[in-house]
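# Remarks on the overall topology
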Amino acid sequence: MQQQYGQERQKLYDDIRPQHLTPLWEVLHALVPPQPMTPCVPAFWRYRDIRPYLMAAGKLITAEEAVRRVLILENPALPGRSAITQSLYAGLQLILPGEVAPSHRHVQSALRFVIDGKGAYTTVAGERTTMHPGDFIITPSWTWHDHGNEGIDGVSEPVVWLDGLDIPMVRFFDAGFAENDAVGKSQPVSRPEGSSHARFGANMAPVRHDRKGLASPIFSYPYSRTREALHTLAREQDIDAWEGVKLKYINPATGGWAIPTLATFMQFLPKGFAGKRSRSTDGTVYCVTEGAGIAHVGNERFSFGPQDIFVVPSWAPLSFEAHQDVVMFSYSDRPVHEALGILREEFLD
Ligand code: 1HN
């Protein structure tokens, strides 16, 4: 049959191409695969190996000229796409003492996870927060934000953080808008540092407050508190066989995700932990804060230490071993999977 009509079929395909028509039956299997067939591959970045390139960039371009001095972490299977998974962006941003990254805003939501140095700040919608390693900071969609590095406690050093954004999702939906702040560099500060924590960070909320936007009104989640929570739970020995002790960052006003498009987590694995395998449809980026161990991702084996970053593609089997007490941050596109009703996860073994 195929033999018989092969040429005629090809002729039909050629004839319909100018009409912008194409036959479904040739692509059906790829359009609805029996399980996720991601083009993404597991990948690993050893911070020690890439830090020198960031510092070299620091000598070649200022934060102001670059607007954001960032080296993008690209999935090796998605070159040129500025994407670490099909839906997620990741980059490492460097800001040197005295520099300013000018104020702008965009529809894309951002998270910052601080990995190296202290004394930088970010200002979001008129409130500043000082950055320390392990802090998780959010920049909600369409909020003005700028960064600087004025030093702290007499320390003046380069500061590097991981930027996670929903750039590929917004691109997919063709819904991106952006603008530069007319003020030029730093936006004026209108509230003292700690103001949003006072309002929403004490398991309380102002009695009359207008709910603005979907993102958390807490925009900085300091590592000191996160670490304390994880270690307290670890001492209770409430260790999950797959995930160790894993907490999600939430919007205290709703109990939902801190960022509407990005799930964010912090996880503790006790020394000696040898976890079971799991997989989920939300591709996930990990950034190690403390400790060392092994991540088994698909057929790869990543030996990780502090500040290292790796990506787990959709549906890739994942398990962890901890050689020391490990604390690691992660983010994924899980809220979108949940909203669309397409999240699947499997806990294996
Ligand atoms: C952005 O605004 C930041 O504000 C970082 O620090 C990375 C990547 C693409 C587009 C905007 C930032 C970004 C970005």
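Bear in mind the structure is a predicted one, so any value in this text is a computation, not a measurement.

### Brief notes about the site of the ligand
All residues adjacent to the ligand are R68, Y89, Q93, H104, H106, R112, H145, H147, D163, L165 and I167. Here R112 contributes a side-chain N or O atom positioned 2.9 Å from an oxygen atom of the ligand. Between the ligand and H145, the relevant distance is 2.8 Å, taken from an oxygen atom to a side-chain nitrogen or oxygen of the residue. Taken by itself the ligand offers 330 Å² of open surface, and the protein chains cover 82% of this. Sorting the residues of the shell around the ligand by element identifies β3 (89-95), β4 (100-106), β9 (145-149) and β10 (159-165) as the ones contributing at least two each. Taken together, the residues that form the shell around the ligand break down as three nonpolar, five polar and three charged.

### A look at the nonpolar core
Counting residues in hydrophobic clusters, the biggest one holds 51 residues, and the most contacted among them are L73, I84, L92, F136, L162, F329 and Y331. Residues contacting L73, with those up to four places away along its chain left out, are W45, I50, A83, I84, A90, G91, L92, L162 and I309. Residues Y286, V288, F304 and M328 belong to the second largest nonpolar core, which totals 16 residues.

### Side note on the pairing of β4
A large share of β4 lies buried, amounting to seven of its seven residues. Looking at chain direction, β4 and strand β11 (residues 178-180) are connected through three bridges and run antiparallel. Bridging from a neighbouring strand, R105 pairs with E179 of β11.

### Quick word on helix α7 (residues 223-235)
End to end, α7 covers 18 Å across 13 residues, agreeing with the expected 18 Å (1.5 Å per residue, within 8%). Within the span of α7, buried status applies to Y223, T226, L230, H231 and A234. Buried residues of α7, seen end-on, are gathered within an arc of 125 degrees and therefore sit on one face of the element. For α7, the exposed residues lying more than 90 degrees away from the buried face are S224 and R235. Of the surrounding secondary structure, the elements contacted by the buried residues of α7 are β12 (220-221), β13 (245-248), β14 (263-269), β16 (284-290) and β21 (326-332).

### Quick notes on the pattern of salt bridges
Under the defined criterion, the tally for this structure stands at 17 salt bridges. Ionic pairing is found between D163 and R112, a salt bridge with its closest N-O pair at 2.6 Å. One end of the pair, D163, is in strand β10; the other, R112, is in strand β5 (residues 110-116), and 51 residues separate them in sequence. Exposure class is identical for D163 and R112. Each is buried. The partner of E345 in a salt bridge is R334, and the shortest N-O contact between them spans 3.3 Å. Here E345 is found in strand β22 (residues 345-347), whereas its partner R334 is found in helix α8 (residues 334-340), with 11 residues between them in sequence.

### Here we look at the state of the cysteines
The final tally for this structure, using the stated rule, is zero disulfides. Left unpaired, C287 is separated from the closest cysteine sulfur, that of C40, by 19 Å.

### Comments concerning a nonpolar patch on the surface
There is a patch of nonpolar side chains on the surface, built from L24, V27, L28, L31 and V32 and spanning about 450 Å² of accessible area. As for its placement among the helices and strands, L31 is situated in helix α2 (residues 28-31). The class for L31 is exposed, based on a relative accessible area of 56%.

### Observations regarding the sheet that holds β5
Taken in spatial order, the six strands of this open sheet run β2-β3-β10-β5-β8-β12, and their pairing is antiparallel. Strands at the two margins of the open sheet, each flanked by one partner only, are β2 (70-72) and β12. For β2 and β3, the ladder comprises three bridges, and the chain directions are antiparallel. Bridging across to β3, V70 finds its partner in Q93. Its contacts with the sheet place helix α3 (residues 47-60) against β2, β3, β5 and β10, and it is angled at close to 55 degrees to β3.

### Some remarks on the confidence of the model for the protein
Within the protein, residue pLDDT values average 96, and 99% of them lie at 70 or more. Mean pLDDT values over the elements of the protein span from 91, in helix α1 (residues 2-16), up to 99, in strand β19 (residues 309-312).

What counts, and where the lines are drawn
- Residues numbered from 1 in each chain as written.
- Predicted model: local features only at pLDDT ≥ 70, side-chain atom pairs only at ≥ 80, totals over all residues.
- Heavy atoms only, no water.
- Near = heavy atom within 4 Å.
- Polar contact = N/O pair within 3.5 Å; in protein donor to acceptor, adjacent residues only side chain to side chain.
- Areas by Shrake-Rupley, 256 points an atom, 1.4 Å probe, with all protein chains shown as cover.
- Helix = DSSP H or I, 4+ residues; strand = E, 2+ residues; numbered from the N terminus.
- Nonpolar A, V, L, I, M, F, W, Y, C, P; charged D, E, K, R; others polar.
- Core = buried A, V, L, I, M, F, W, Y, C linked by side-chain atoms within 4.5 Å.
- Buried < 20%, exposed > 50% of the residue type's maximum accessible area, 1.4 Å probe, protein only.
- Contact = heavy atoms within 4.5 Å.
- Pairing = 2+ DSSP bridges.
- Expected span 1.5 Å × (residues − 1).
- Arc of directions from axis to C-beta.
- Salt bridge = Lys/Arg side-chain N within 4 Å of Asp/Glu carboxyl O.
- Disulfide = S-S within 2.5 Å.
- Patch = residues over 30% accessible without salt bridge, like charges linked within 9 Å, V, L, I, M, F, W, Y side chains within 5 Å.
- Axes fitted to C-alpha atoms, helices over the stretch in contact; angles between N-to-C directions.
- pLDDT = per-residue confidence, 0-100.

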